[in-house]
Every structure is written in C-alpha cells, then in structure tokens.
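# Working through the structure, step by step
Single-letter residue listing:
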Amino acid sequence: MTTTYSVILAASSWNDEVRDGVVGLVDGWSEQLAPGGRLPANASLRTLRPVGSGDRDPVYRIQYSETFAREGIGRTTVVTVLPVRGALTLEARVVESALRSLVEPLRSRPALPRPELLELVARAADTMTTYDAERRVGAAPQRVAGFVDGQALAALALAPSRRLPIIVDVVTGRATGSERSAGVARALVGLAHVAHLADDDAIRGFNDLWGSALVTTAYPLILWPGSHAPKELSANARGSDFVAPVLAAATFVPPLVVPPPPREPRPEPAPQTRSAPAPSVPTPTAALPAPGTAPRPDEDDSRVVAAELQRTVDHLRARHDEDRQHIDILDEILEQVESERDELFDRVSERDEDIERKDLEIDQLRKKVDLLISRNVEYEIYRESQPASIVVASVADAIAIAARRCTNLGFAKEAFETAEDLEGPDPKMLLFDLVRLNGVVADWRAHKVSFRGLESWAKGTAGLDYVPSIGESTAQKHADYYLATWHGEFVPLRAHLRRGRGTRLIRVYLYVDDATKSIVVGKVDRHGPDRTT
C-alpha cells in the first residue's frame, strides 16, 4: 500500500461544540460521496466506531473505498476525528493498493485528492483554529508587505517549534491571482504555509533577520522545518512544482493510531450472606405459607448471584468485542506500515540504480556541454561582443585589459604574475570570459541572483563554464598553491573558470566572498595540481 495524500490538523483549544462542528463537516463530506444514499458500483462507505459507542464517543472515523479493475488498484480515503493527548485531531489520508499480484510493484506518485476532500480540510482548519509555531493554519496565502512583516516571516522560518514548510514567493509587480504559486495555499492546507512577499522592503526585512540574501526576485523557495537547507525552485515554477515536494514529504508521516475505548471498572459481585438456620420448632399445619407466597431466603440469594454473574458475562463479552475491533484496526495499520516500508526500500534501490546510470550519462553530457559552451562563446565574441579595435596579444594583455575594464572584479598580484608565464591559450577568449564574469557579479550585487544560484546563473545566463569548488583532498594536499594575496591577506582559491583543451587549456582560479559580494581573480594557469599529482 502507498500513501498518496496525508494531512493532520490538531487544535489544543476546543470544546464539544467545535468537535460537533468538525464531525458535521465530515458527515457532509460523506453525503457528497453518496448523494441520496446511492454509491457508485465500485465504491463502499463505512462508519467505524467501537462496539456500543454513541454519538458522543471520542473516536469518529469514515472510510470510503473505491476499486479500479482496469488499473488494478484500490483507493481508500479515511477521515478520523479524535482527541490525541488533549488536542482535537483530524486526519485525512488517501492510500492506494494493488488488487492483484503484479509483475511490477505499484508505483503511485503523491497526488492531490478529490476537491471535496480538500474543501473538507480547508473548512476544518477554519473550524478547529489550528496553529503552527503561533501562526494560524488556513487556506489563504499570507501577503507580506513592509520591513517588519518581512522580519516576522523570517522569525517564523527560524522558529524551532515550526513543523510545516514555508513556500516563499516574491510577487512584486504581479496582479492578485497571477502569482507563480496561485492556488497553492488552498491545495496545501495543513501541509505548508504560503507567503507572498509584495515589496522590496519585505525582502530586505526577511534577509536582515535571516542573516543573508536568501530571498531574491528570481527564484521561489521552500523553507523546510528543522536544520534542512532551503530548496530553491525554478524561476518558471508553477503550481505542481510547489505542490509535489510538499506532498511527497507529507506521505511519510505515520497514520494516527486509534486508541481502544476506556475500559469500565470491573463490577464487584455482591457479598453473599446467608442467615443462620432458625431452630426447628413444630408448628401447626395452618401456619405453613400458602403456594405463591414469598420465596425462602436461600432462593432469593441465588437469583441475586445469577443476575450479577450475567451482568459480568455481558460486560466481558462487550469488552472482548471492543478489543477485537481495536486489534483489527492495529493489524490494518501494521500491514500498511510494512507495505510502505517495502515500497520505500524498492524506491531506494531503484533510485540508487538510477543515480549510477545518470552519473555515467552526466560524464558524457558534460563533455558535450563543454564543447557547446566553447562554440557558443566563440560565436558571441566574433558576432558582436569583441570590439575590433582591441588587440589582445597575450594572456598578460588580457588580464591587464580586464583589470581596467571589469570594475566589478578584483585582481590579485598573483593573477598578473602567473599570466606573464602562460602561453598557448586564446587571450581573446580569456578576456571575454572575464567580461562575462564581471556582469555576473553586477547581477549578484543587484539582487538578481543569490550566492547559492551563482553557478546556474553563470552557466545559464553568462555562458561560462563555472565550477564553484575544488576537491577537499586537493585543497588540503596543495594548500600553498590555492592561495592568493588580497588586501594584505591570504585568501583561498576554490571556484574557477574552465576553457579550452590541449595546448589551449586554461583555468582561472577565483576567490568568492559572499559577505562583500565580490569575486577576485587569483591565478591564471593551465591546470592547478590535484590529488593525483
């Protein structure tokens, strides 16, 4: 069995009126599934309660099951309302399972359920008044405007008690309803907060409290709870790009365990007392009781004992039925957990095989990409980017010209020293790469790209073959080589630009400072030493 949708809402402050309202919403949902009491031929609807329970029983569960013979799957939707550790809790879970033995195990992707269930969850969140880290859980996105509101959103993101992810989307200049994450908040009620940053002050307020320029106008983010790193989505992300990762994470939450009803105390049998026999005194025959009069004392005691024993037997039978029903529920949950565990193991094994296969594909594609980038850059240079009046005779000339023209870059003294001894690489190509890198730094300082997005921006927008780091073993083994002098201090050279092959091979080693948003050209060489040298 595979969980495709799971949400849990919990309200610590509630009363019988709130519980009755939530149960009424669940009843209304079940009536939508079976209007007029008529169900589809492939569906069944059950209300699950312990034996002998009534309308005031704390556990209320409705199970709606469907079978799809053509696809070979069954889908079960279970909605449960019960108090858990003093909090009124609603769980909605959709589970798919195979109807027959399949050659391949069932592979179901997390998906949104039917609109009726989403509407039930949204209305239940309003009725229960659910909070996450003191932030109200609801079906509408939070519009963040102003420096203070931006800081408040960052405080929520940093709260240790937060359990739901936050989807952050910058909507400056966008009309209401046209946002990249439009409609996502209502689809993910109880699964994620959705925040729309409406102006630049909100962005500055968030980044100020966060401590770095995490939020930009370019990419939306998913901020996971705990110590997980933020997930940066594509600039062209739309509804399903936001929903899919949140749903996938929610499906791993284990289902609620419905506790057995509280047991009633075992009744104590009434004490059995017998009176001492009266002394035998002869009596006249007229003094004997007539037929139909009160029974003797020993007969009355026997009837009392029999009634007590019958009540005890009835109570034990009812408690046995309740325990058996609870065991059946736990068996279903255990079977589902074991099935999901096997499914997860199969997914991990399959993913490991995919990773190994894709690593080989990436190695082949990287060679092709390097060739395409080189050809594209050469075309751009000779088409419009390189003025005909500039004469670049050597690598040293390229570094000297770049130092004058590229005002956003810094040049260490080692860059000029290494350039003097380098011959063979195309100096015009080197100059063009440095001009493009100068533009990347300008975009970085204009908040068009974050520090985490430098690599993709340099490759996708500037057409550079940019590598953000070198191997840790290489950096430790050749620590003296990967250093440069900048403002009187030694700085590490980790990022670098790659260009050319064979005799035209060249590497430009860089120092990247996130605090000052600056890039310094440290050394220019054919190829620095690595762990094999």
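Residues numbered from 1 in each chain as written. Predicted model: local features only at pLDDT ≥ 70, side-chain atom pairs only at ≥ 80, totals over all residues. Heavy atoms only, no water.

## Things to note about the overall build of the protein
Helix and strand content of the protein: 12 helices and 19 strands. Per-residue burial for the protein yields a buried fraction of 41% across its 533 residues. Once local pairs closer than 6 in sequence are excluded, the contacts in the protein between residues at least 24 apart make up 68%. (Helix = DSSP H or I, 4+ residues; strand = E, 2+ residues; numbered from the N terminus. Buried < 20%, exposed > 50% of the residue type's maximum accessible area, 1.4 Å probe, protein only. Contact = heavy atoms within 4.5 Å.)

## Quick look at the confidence of the model for the protein
Of all residues in the protein, 85% attain a pLDDT of 70 or more, and the chain-wide mean is 82. Confidence, expressed as mean pLDDT per element, reaches its minimum in the protein at helix H7 (residues 297-385) with 78 and its maximum at strand E13 (residues 409-411) with 94. Between residues 50-54, whose pLDDT stays under 50, and residues either more than four places distant or in other chains, the model counts 7 contacts. (pLDDT = per-residue confidence, 0-100.)

## Topic: helix H5 (residues 200-210)
Within the span of H5, buried status applies to Ala202, Ile203, Gly205, Phe206 and Asn207. Those residues of H5 that are buried are in contact with strand E8 (142-144), helix H3 (147-158), strand E9 (166-170), strand E10 (193-197) and strand E11 (221-223). For H5, the N-terminal capping position is held by Asp199, with its side-chain oxygen 3.4 Å away from the main-chain nitrogen of Asp201. With its phi angle positive at about 105°, Gly211 sits one or two positions after the end of H5. (Polar contact = N/O pair within 3.5 Å; in protein donor to acceptor, adjacent residues only side chain to side chain.)

## A few points about the nonpolar core
Core analysis: the biggest nonpolar cluster contains 49 residues, and Tyr5, Val26, Trp29, Ile167 and Leu188 have the highest contact counts within it. At the level of elements, strand E1 (2-11), helix H1 (16-33), strand E3 (60-68), strand E4 (73-84), strand E5 (87-98), helix H2 (115-128), helix H4 (184-187) and helix H6 (239-250) are the ones that each hand at least two residues to this core. Among the elements that line this core, the one with the most residues is H2, at 8 residues. By size, the runner-up hydrophobic cluster in this structure holds 37 residues, among which are Val392, Phe411, Val440 and Leu497. (Core = buried A, V, L, I, M, F, W, Y, C linked by side-chain atoms within 4.5 Å.)

## Quick notes on the environment of Thr89
Relative to the assigned elements, Thr89 resides in strand E5. When its relative accessible area of 4% is taken as the criterion, Thr89 is described as buried. As for Thr89 and Ser12, which are separated by 77 residues in sequence, their C-alpha atoms are 8.7 Å apart. Apart from the residues within four sequence positions on either side, Thr89 is in contact with Ile8, Leu9, Ala10, Thr80, Val81, Leu82, Val84, Met128 and Leu256. Within the structure, the side chain of Thr89 is placed 3.1 Å from the backbone oxygen of Ala87, a separation counted as a polar contact.

## Some points on the pattern of salt bridges
Under the defined criterion, the tally for this structure stands at 19 salt bridges. With a shortest N-O distance of 3.9 Å, Lys448 and Asp443 are connected by a salt bridge. By relative accessible area, which is 43% here, Lys448 ends up partly exposed. Each of the salt bridges in this network shares a partner with another, and the network as a whole consists of Glu66, Arg75, Glu96, Arg114 and Glu116. (Salt bridge = Lys/Arg side-chain N within 4 Å of Asp/Glu carboxyl O.)

## Let's talk about the packing of H1 against H2
The angle between the axes and the distance between the axes are what describe a pair of packed helices. Relative to each other, H1 and H2 sit at 170°, their axes nearing to 10 Å. Taken together, the axis directions place H1 and H2 in an arrangement best described as roughly antiparallel. Contact residues: Val18, Gly21, Val22, Leu25, Val26, Trp29 and Gln32 in H1; Glu116, Leu117, Leu120, Arg123, Ala124, Thr127 and Met128 in H2. (Axes fitted to C-alpha atoms, helices over the stretch in contact; angles between N-to-C directions. Parallel < 35°, antiparallel > 145°, perpendicular 65-115°, else oblique.)

## Here's the deal with the packing of H3 against H5
Packing of H3 against H5 brings their axes to within 7 Å, and their N-to-C directions diverge by 40°. In terms of their interaxial angle, H3 and H5 are classed as oblique. You can see that H3 and H5 cross each other, and the crossing is right-handed. Between H3, through Phe147, Gly150, Gln151, Leu153, Ala154, Ala155, Ala157 and Leu158, and H5, the contact on the second element is made entirely by Asp201, Ala202, Arg204, Gly205, Phe206, Asp208, Leu209 and Trp210. Of the residues contributing to the contact of H3 with H5, the split by class is 10 nonpolar, 3 polar and 3 charged. (Left-handed = near helix turned anticlockwise from the far one by under 90°. Nonpolar A, V, L, I, M, F, W, Y, C, P; charged D, E, K, R; others polar.)

## A short note on the sheet that holds strand E17 (residues 495-499)
The strand order across the open sheet built from 5 strands is E13-E19-E18-E17-E14, with neighbouring strands paired in mixed fashion. The outermost strands of the open sheet, each flanked by one partner alone, are E13 and strand E14 (466-467). Where E14 and E17 come together, 2 bridges link them in antiparallel fashion. Bridge pairing in E17 links Val467 to His496. Sheet strands in contact with helix H9 (residues 413-420) are E13 and strand E19 (518-525), and its direction is about 25° off that of E19. (Pairing = 2+ DSSP bridges.)

## Focus on a nonpolar patch on the surface
Residues Phe252, Leu344 and Val348 make up a contiguous nonpolar surface patch of roughly 270 Å² in combined accessible area. On the basis of relative accessibility, which here comes to 41%, the residue Val348 falls in the partly exposed class. (Patch = residues over 30% accessible without salt bridge, like charges linked within 9 Å, V, L, I, M, F, W, Y side chains within 5 Å. Areas by Shrake-Rupley, 256 points an atom, 1.4 Å probe, with all protein chains shown as cover.)

## Some points on the environment of Ala198
Position of Ala198 among the secondary structure elements: in the loop between E10 and H5. Considered as a pair, Ala198 and Asp169 are 29 residues apart in the sequence and their alpha carbons are 8.9 Å apart. Contact partners of Ala198, with chain neighbours within four places excluded, come to Arg143, Val144, Ala145, Val171 and Thr172.

## Side note on the sheet that holds E8
The mixed open sheet is built from 5 strands, whose spatial order is E8-E10-E9-E11-E12. The open sheet terminates on both sides in strands that have one partner only, identified here as E8 and strand E12 (231-232). As paired elements, E9 and E10 share 5 bridges and run parallel to each other. In the sheet register, Val170 faces E10, and the bridge partner there is Leu197. Sheet contacts for H3: E8, E9, E10 and E11; angle to E8, the most-contacted strand, approximately 125°.

## A look at helix H10 (residues 427-445)
With 19 residues, H10 extends 27 Å between its outermost C-alpha atoms, agreeing within 8% with the 27 Å of an ideal straight helix rising 1.5 Å per residue. With a side-chain oxygen positioned 3.0 Å from the backbone nitrogen of Lys428, the residue opening H10 is Asp426. Once H10 ends, the next one or two residues include His447, with phi positive near 65°. (Expected span 1.5 Å × (residues − 1).)

## Topic: the packing of aromatic side chains
Per the stated rule, a full pass over the model turns up 6 aromatic pairs. Judged by centre distance (5.7 Å) and plane angle (15°), the ring pair of Phe206 and Trp210 falls under stacked. Here Phe206 and its partner Trp210 are both found in helix H5, 4 residues apart, which amounts to about one turn of the helix. Taking relative accessible area as the criterion, Phe206 reaches 0% and is therefore assigned buried. Taking 6.3 Å as the distance between ring centres and 45° as the angle between the ring planes, the aromatic pair formed by Phe411 and Phe416 counts as tilted. (Phe/Tyr/Trp six-rings, centres within 6.5 Å; stacked < 30°, edge-to-face > 60°.)

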